[in-house]
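So the chains spell out like this:
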Amino acid sequence: MKKFLVLLVIPILVLSFALNSFAQEFPDVNENHWAYKEIETLAKEGVVVGYPDGSFKADSLVDRAEFSTMVIKALAQEHSPIKTEIKFEDVPYSHWAYDMIQRAVYFELIDGNAKNFDPDGYVTKAHSVSVAINALETRPITPAKAMVVLSQNYTDFKDIPSWLVVPAAKAEILGITAKIPGEEKEFAAMKNATRAELAVLVYKMREEAKLNPNKKLAEAMKPKKGEGIVIPEAKVKGPMGIIPEGTLLPIALVDKLSSQTNEEGEIVLTTANKNLISKEGYILLLEGSNIAGEIQEVLVGRYFVRNGKVIVETNLISTPIGQKTKFDGIIDTTPKRNWIARILRAIFKGGKINLKAGDVVYVKLDHPLKIDLSCGWIFTK
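Because the structure is a prediction, the values reported are computed rather than measured.

This next bit is on the sheet that holds strand β7 (residues 276–277). Across the sheet, 3 strands lie side by side as β1-β7-β8; this open sheet has mixed pairing. In this open sheet, the two strands that pair with only one neighbour each are β1 (229–230) and β8 (283–285). Relative to β8, β7 runs antiparallel, the two sharing 2 bridges. Across the sheet, the residue bridging to I277 is I283, located in β8.

As structure tokens, this is what we get:
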């Protein structure tokens with residue numbers, strides 16, 4: 001098992017990670033655009049992105065795969081584990097949006113019983129409103145009452161499909177329907193929705209979901225608690241946990257480590273053998289997370305010459321939820337001694353580092369970590 005873990009992690013160490021996200025301003029969406037606020041906000045958060053030329057193209061259309069991705073990101077569930085898999089014949093595992101579509105099905109935003117998903121088909125207003133309402137816990141409303149609501153707001157209310165009447169009325173009551181200036185009285189259920197319309201709808205849906213998410217989303221959004229080793233320096237701010245730079249995190253060696261036999265450049269694998277938690281009991285680092293590093297310095301312990309030393313620079317963490325990301329820190333294996341022992345060891349040199357598998361060492365963080373407490377996703381910057 002140990003060999004398997006090492007073989008799994010070593011190839012990953014050579015990968016580079018693009019972790020920076022940049023806020024984007026679009027030259028074709030100025031402050032006078034009717035959807036400016038929503039587009040700007042979602043772009044800064046990476047929910048929507050522009051085109052290679054820097055434009056947003058607010059009037060362009062969006063396909064169903066792109067929209068599923070947008071909604072899942074807006075709800076901050078892009079890192080949630082995929083608990084069940086639904087097979088769509090036109091969405092193979094290799095499809096770029098496979099994971100996001102699977103999450104959309106799990107959270108009951110889209111129907112998972114259909115044979116095909118039509119990922120390349122354009123999103124209609126009907127589909128977008130249905131998905132938005134599915135994300136929410138809403139009060140029941142009869143079709144008759146729903147039709148009254150729609151008739152008071154839209155001239156084409158009779159053209160709204162029967163299956164959409166209740167969701168469309170709920171969207172109207174909640175104020176999350178996107179309305180293009182000059183076209184406020186047209187629902188246009190089967191019209192393809194533009195990028196601007198969907199940005200507004202998704203923005204409003206997310207604000208409502210913060211208050212009234214559906215049951216599965218509500219469970220996923222809750223910070224997770226558990227037992228484990230308390231990291232007293234960690235702070236909790238809303239749904240995020242923050243571990244400051246310089247914090248020492250206890251982790252266990254997967255294999256032995258010795259100043260007498262190991263060499264510089266060797267790979268060292270450690271694991272969190274317990275959850276690391278905040279004072280409040282929120283899980284910061286999941287049990288089973290593997291942290292890999294490389295030996296940067298080794299000094300062989302020799303009597304009356306020098307004490308042994310092994311310094312490991314960590315660079316990667318792989319978590320049980322499938323995340324692999326940078327993890328910059330230093331493992332200093334120098335034993336912690338009281339002042340008398342330190343004086344004696346300084347005089348009578350020759351101390352050796354001989355650690356066995358399972359022994360606890362401490363990684364000192366080079367950078368602060370932010371953790372999404374609802375799913376354990378780590379943000380290194």
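What follows continues from the structure just given.
Our focus in this paragraph is a nonpolar patch on the surface. Together, L248, V360 and Y362 make up an exposed nonpolar region whose accessible area comes to about 270 Å². Tracing the backbone shows Y362 in strand β13 (residues 360–365).

For E108, which is not glycine, the phi dihedral falls at a positive 65 degrees. Mapped onto the elements of the fold, E108 is located in the loop between α4 (98–106) and α5 (125–134). Even without glycine at this site, D118 takes up a positive phi of about 60 degrees.

The subject of this paragraph is the packing of helix α2 (residues 36–44) against helix α8 (residues 195–209). Orientation of α2 relative to α8, taken along the N-to-C sense of each, is 75 degrees, at an axis distance of 9 Å. Taken together, the axes of α2 and α8 are roughly perpendicular relative to one another. Judged by residue contacts, K37, E38, I39, T41 and L42 of α2 engage A196, A199, V200, V202, Y203 and R206 from α8. Per-class residue counts for the contact of α2 with α8 are 7 nonpolar, 1 polar and 3 charged.

Next up on the list: the packing of aromatic side chains. The final tally for this structure, using the stated rule, is 5 aromatic pairs. Ring centres of Y93 and Y98 lie 5.1 Å apart, and the angle between their planes is 65 degrees; on these two criteria the pair is classed as edge-to-face. Judged by relative accessible area, Y93 falls into the exposed class, the value being 66%. Residues Y106 and F107 carry aromatic rings whose centres are separated by 5.0 Å and whose planes lie at 75 degrees to one another, so their mutual orientation is edge-to-face. A relative accessible area of 17% means that Y106 is categorised as buried. The residue whose ring lies beneath R64 is F117, and the NZ or CZ to ring-centre distance is 4.7 Å. Positioned over the ring face of Y282 is K225, at 4.9 Å from the centre of the ring.

This next bit is on the nonpolar core. In this structure, I39, F67 and L109 are the most contacted members of the largest nonpolar core, which totals 67 residues. If you list the elements that add at least two residues to this core, you get α2, α3 (64–74), α4, α5, α6 (143–151), α7 (165–174), α8 and α9 (215–221). Take this core: its biggest share by element is 9 residues, from α8. Residues L249, V268, I317 and I353 belong to the second largest nonpolar core, which totals 29 residues.

Thresholds applied
Residues numbered from 1 in each chain as written. Predicted model: local features only at pLDDT ≥ 70, side-chain atom pairs only at ≥ 80, totals over all residues. Heavy atoms only, no water. Pairing = 2+ DSSP bridges. Helix = DSSP H or I, 4+ residues; strand = E, 2+ residues; numbered from the N terminus. Patch = residues over 30% accessible without salt bridge, like charges linked within 9 Å, V, L, I, M, F, W, Y side chains within 5 Å. Areas by Shrake-Rupley, 256 points an atom, 1.4 Å probe, with all protein chains shown as cover. Salt bridge = Lys/Arg side-chain N within 4 Å of Asp/Glu carboxyl O. Axes fitted to C-alpha atoms, helices over the stretch in contact; angles between N-to-C directions. Parallel < 35°, antiparallel > 145°, perpendicular 65-115°, else oblique. Contact = heavy atoms within 4.5 Å. Nonpolar A, V, L, I, M, F, W, Y, C, P; charged D, E, K, R; others polar. Phe/Tyr/Trp six-rings, centres within 6.5 Å; stacked < 30°, edge-to-face > 60°. Buried < 20%, exposed > 50% of the residue type's maximum accessible area, 1.4 Å probe, protein only. Lys NZ or Arg CZ within 6 Å of the ring centre and 35° of its normal. Core = buried A, V, L, I, M, F, W, Y, C linked by side-chain atoms within 4.5 Å.

Read these as layout, nothing more, since geometry by itself doesn't imply function.
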